[in-house]
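Structure at a glance
As a plain string of letters, each chain reads:
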Amino acid sequence: MTKKDQTKELDKGIEKIITDIEKTPKNPESKNKKIQPIIKIININKEDREKTEIEALKGISVKKNENFSEWYTEVIQKNELADIRYNVKGFVVFQPWSVLCMEKMFGFLENALQRKGHKPYWFPTVIPEKNFKIESEHVKGFAPEVFWITEAGDDKLEEKLALRPTSETAFYQMWSLWIRSHKDLPFKTYQRANVFRYETKATRPFLRSREFHWIEAHCAHATKEDAMKQISEDMHTTKEVLHDIFGLPFIFFERPAWDKFAGAERTFAADVLNPDGRVVQQPSTHLLSQEFSKGFNVKFKDKDEKEKYVWITCYGPAVSRIMASIVSVHGDDKGIRFPFKIAPIQVVIVPIRNDPHILHKAEELKQSIQNIASVEIDKTEKSAGEKFNYWEMKGIPFRIDLGPRDIENKKLTIFRRDLDVKDVIDEKNILEYIKETSEQYDKNLIKEADKLFDSKIKDASNIHEIKKIIEAGSIARINFCSVAKDGASCAEIIEKQVGATIRGTKLEREEPFGSKKCAACGKLAKEVVYVARQY
Ligand SMILES: [Zn+2]
């Protein structure tokens, strides 16, 4: 079935759904009040879909460095990564071109976790209100963001149920049933889940929405030292996967006392820099306060026969949010550039004409390439030029432009999206070429991203200098008096005057430099911190 036929089939399907809805006997309670809007929305979408297709052919019209925000919106829409027209505010539909990539990201993250001894779970989406209230800081922090279920069918529920905004309070009550002895520790779990947060700030697809998709890993340990080792392991996992595979440079900061996860004793988070100079918080890992293990009664019998409370850590890479950084960090004026390992499709074959001879060859190539990479043939009716632009915008790593002369000479012309160049190779070497070049391709993206990131960190010694650095879209490194509660007033000064926040210290603390004075108050500095605007 060709794409055109599929579209026809789909349209037929939609028509059938509409007629079925219209045929549905109308009961006086719901009337057609609820039905009408559905039909309307489907009709709008159909027109919009054609419009989107025409727009997509034009490519990206905004330059990334001139107006990042508009560029981002266009890239998301034209590449059909997410559709924001879903009719519940703050919720979006994730579309195949992002889901295929995010599935691969989940794969790499879950693989790393399992390799390090985490076992997968699927916990219920709902959490009873009483669990939620056990740790007071946690409830205080999350209460304003929780969606509550209060009714089911005609019944009012005896106890409200939270749609999980995060699952500490679901996991730990079960741990109290499962963990008995020091032999059970470390107890390493994780789940892949969607979570719900009633965000009141403006939502943006992938960056901030009211439902997002993530992995949350929860671990119980016998000692605080073991818990800190886990934190370090989580940081390592982040480097292995986010940097070395996804190509995202970041700094792992320990957040200051006033900016910790609700219920944590210590919070560490990886900040990735967007081209507009704002940082996006990516995975964070937390040493939770022992209030959680005490509240949920998670105890174990230690080697000395004494009952002790476990030490808990949790780690949360938000895959749908990492997607935002993939788009932002690697994208260029033409559109997305996917790292090879997580590209939705890794190779596309573009027959420059749809004649049977070329299509036959394309099919033959596809059969061979699909043993080592995901591959598609573009059989649409678009012109060759339109196809080229389209796949460059879509960020596919390798495009094989297949014409009669190439076939005759047993050569292949391959366009690589990392360097925007064409390679001509002997047809028989295609598999080796993809294997070797894909490694180099990912390295190129990482090198480019690292170089830009490193050039964006600049030292400042006073508010004026911080402001200049932040306004130029960079991160400021400064001396700072204290990251304990007593430093909060200096953080406020910076936030008010510069519009940026203290992201925290590096895990390996740095020595204050230059005058060694706090950039806000001038007192002797104990810390070196980083200042940036955030999403
Ligand atoms: Zn200060």
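On a predicted model such as this, the values are computed, not experimentally measured, just so you know.

Applying the stated criterion across every chain yields a total of 28 aromatic pairs. Taken together, a centroid distance of 6.2 Å and an interplanar angle of 75° make the contact between Trp97 and Phe338 edge-to-face. Of this pair, Trp97 sits in helix α4 (residues 96-115) while Phe338 sits in the loop between α10 (319-330) and β15 (347-351); the two residues are 241 residues apart in sequence, bridging distant segments of the chain. Aromatic pair Phe142 and Phe261: ring centres 5.7 Å apart, planes at 65°, arrangement edge-to-face. Taken together, the positions of Phe142 in helix α6 (residues 136-142) and Phe261 in the loop between β9 (251-254) and β10 (264-273) put the pair 119 residues apart, joining distant regions of the chain. Side by side, Phe142 and Phe261 carry an identical accessibility label, which is buried. A network of ring pairs unites the aromatic residues Tyr121, Phe123, Phe171, Tyr172, Trp175, Trp178, Phe187, Phe292 and Phe296 as a single cluster. One Lys or Arg, Lys160, reaches over the ring of Trp148 and ends 4.5 Å from the middle of that ring. Sitting above the plane of the Phe106 ring, Arg192 keeps its charged end 4.0 Å from the centroid.

Before going further, it helps to examine the pairing of strand β22 (residues 501-506). Counting buried positions along β22 yields five of six residues, so the element is predominantly enclosed. Of the pairings in the sheet, the one linking β9 to β22 comprises two bridges and is antiparallel in character. Considered in β22, the bridge of Phe253 is made with Lys506. In this structure, β22 lies alongside strand β23 (residues 527-534), joined through three bridges in antiparallel fashion. Along β23, the bridge assignment pairs Gly504 with Tyr530.

This part is about helix α15 (residues 463-471). All of the buried residues in α15 are Ile463, Ile466, Ile469 and Ile470. Down the axis of α15, the buried side of the element spans an arc of 125°, and every buried residue falls inside it. Opposite its buried face, α15 presents the exposed residues His464, Lys468 and Glu471, each directed more than 90 degrees away. Close packing links the buried residues of α15 with β20 (457-459), β21 (475-480), α16 (488-498) and β23. Once α15 finishes, Gly473 follows within two positions and takes phi at roughly 80°, a positive value.

What follows covers the sheet that holds strand β6 (residues 155-163). Strand order across the open sheet formed by three strands is β4-β6-β5, with antiparallel pairing between neighbours. Of all strands in the sheet, those bounded by a partner on one side alone are β4 (126-128) and β5 (147-152). Strand-to-strand twist across the sheet, computed as the mean angle between neighbouring axes with direction ignored, equals 45°. Strand direction decides the pairing type here: β5 and β6, joined by five bridges, are antiparallel. Residue pairing across strands places Phe147 opposite Leu163, the latter belonging to β6.

Here is what the cut-offs are and how they apply
- Residues numbered from 1 in each chain as written.
- Predicted model: local features only at pLDDT ≥ 70, side-chain atom pairs only at ≥ 80, totals over all residues.
- Heavy atoms only, no water.
- Phe/Tyr/Trp six-rings, centres within 6.5 Å; stacked < 30°, edge-to-face > 60°.
- Helix = DSSP H or I, 4+ residues; strand = E, 2+ residues; numbered from the N terminus.
- Buried < 20%, exposed > 50% of the residue type's maximum accessible area, 1.4 Å probe, protein only.
- Lys NZ or Arg CZ within 6 Å of the ring centre and 35° of its normal.
- Pairing = 2+ DSSP bridges.
- Arc of directions from axis to C-beta.
- Contact = heavy atoms within 4.5 Å.
- Axes fitted to C-alpha atoms, helices over the stretch in contact; angles between N-to-C directions.

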